[in-house]
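# Examining the three-dimensional arrangement
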Amino acid sequence: MEKAKPVINHQQMLMDVIRFNDEDLEANRDGYMTQRQRSRLNDERFSFKLMGVLALVACPIFSIAAIIDGIQRHDTVASRVGIIGLICLVTAGITLYTWLRWRRFDRDLSKGEVAATQGLVRLGMSDRSRSTTYMVTVDYVTLNISKRTFFTFKNGDPYCLYYTPYSRTLLSAEWLRED
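Described below are features of the structure shown in this document. What you see is a predicted model, and the numbers here were worked out from it, not measured in a lab.

### Considering the sheet that holds strand β6 (residues 170–175)
With respect to topology, 3 strands assemble into an open sheet ordered β1-β5-β6, the strand pairing being antiparallel. One side of each edge strand has no neighbouring strand; the edge strands of this open sheet are β1 (115–120) and β6. Recorded for the sheet is a direction-independent mean angle of 20° between the axes of neighbouring strands. Here β1 pairs with strand β5 (residues 158–163) via 6 bridges, running antiparallel. Note that in β5 the partner of Q118 across the bridge is C160. Packing of helix α1 (residues 10–18) onto the sheet brings it into contact with β5 and β6, and relative to β6 it is tilted by some 175°. Along the sheet, helix α2 (residues 22–29) makes contact with β5 and β6, crossing β6 at roughly 95°.

Written as structure tokens, this is what we have:
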């Protein structure tokens, strides 16, 4: 006797993986975020803020370490200035990146708008050095998503994606094809 295959509700899988509920989806359809989604977005914004602060704190620590190392090695001042300049340049790059990301989250939270796109999903990956970026594209809108979310979508199936317009954060999704 064959075992019956368990019925998998694809929409429920999307809800579990992306972390939204029926109330969130209804609000997104109406063009706004729920308090729960705002809280999640605020947490992401805080992580970028924290990353920027950590970079700023690390800069003088690494600079002092470079100076001490130079003294111990009897190195030239010119080489240490170059190393400290490089440390400051990297810190500035990280700080600028995190500040720009943080500002996008600020803008999304202040406006509270939700954008939507509907069409066939195209899934993609981008390999850079040691990390892989997972992406979902619908109608010329590309969003970065987690690996778990990536494997929840069905390539080529119709979906409606609800996302924030500035930070491009996926808030919810609807599978437009019936089981």
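Past the structure itself, the notes keep going.
### Considerations on the packing of aromatic side chains
Summed over the entire model, instances satisfying the criterion amount to 6 aromatic pairs. Aromatic pair Y134 and F150: ring centres 5.0 Å apart, planes at 50°, arrangement tilted. With Y134 in strand β3 (residues 131–138) and F150 in helix α5 (residues 147–150), this residue pair connects regions lying 16 residues apart in the sequence. The same class applies to Y134 and to F150, which are both buried. Their ring planes at 75° and their centres at 4.9 Å tell us that F153 and Y159 sit as a pair that is edge-to-face. Taken individually, F153 and Y159 each receive the classification buried, so the pair is uniform in this respect.

### Here's the deal with the side chain of D157
Secondary-structure assignment places D157 in the loop between α5 and β5. According to the relative accessible area criterion, D157 is buried, its value standing at 8%. In this structure the side chain of D157 is engaged in a polar contact, spanning 3.1 Å, whose partner is the side chain of W175. Ignoring sequence-local partners within four residues, the contact set of D157 consists of G119, L120, V121, W175 and R177.

Reading the values: the criteria
- Residues numbered from 1 in each chain as written.
- Predicted model: local features only at pLDDT ≥ 70, side-chain atom pairs only at ≥ 80, totals over all residues.
- Heavy atoms only, no water.
- Pairing = 2+ DSSP bridges.
- Helix = DSSP H or I, 4+ residues; strand = E, 2+ residues; numbered from the N terminus.
- Axes fitted to C-alpha atoms, helices over the stretch in contact; angles between N-to-C directions.
- Contact = heavy atoms within 4.5 Å.
- Phe/Tyr/Trp six-rings, centres within 6.5 Å; stacked < 30°, edge-to-face > 60°.
- Buried < 20%, exposed > 50% of the residue type's maximum accessible area, 1.4 Å probe, protein only.
- Polar contact = N/O pair within 3.5 Å; in protein donor to acceptor, adjacent residues only side chain to side chain.

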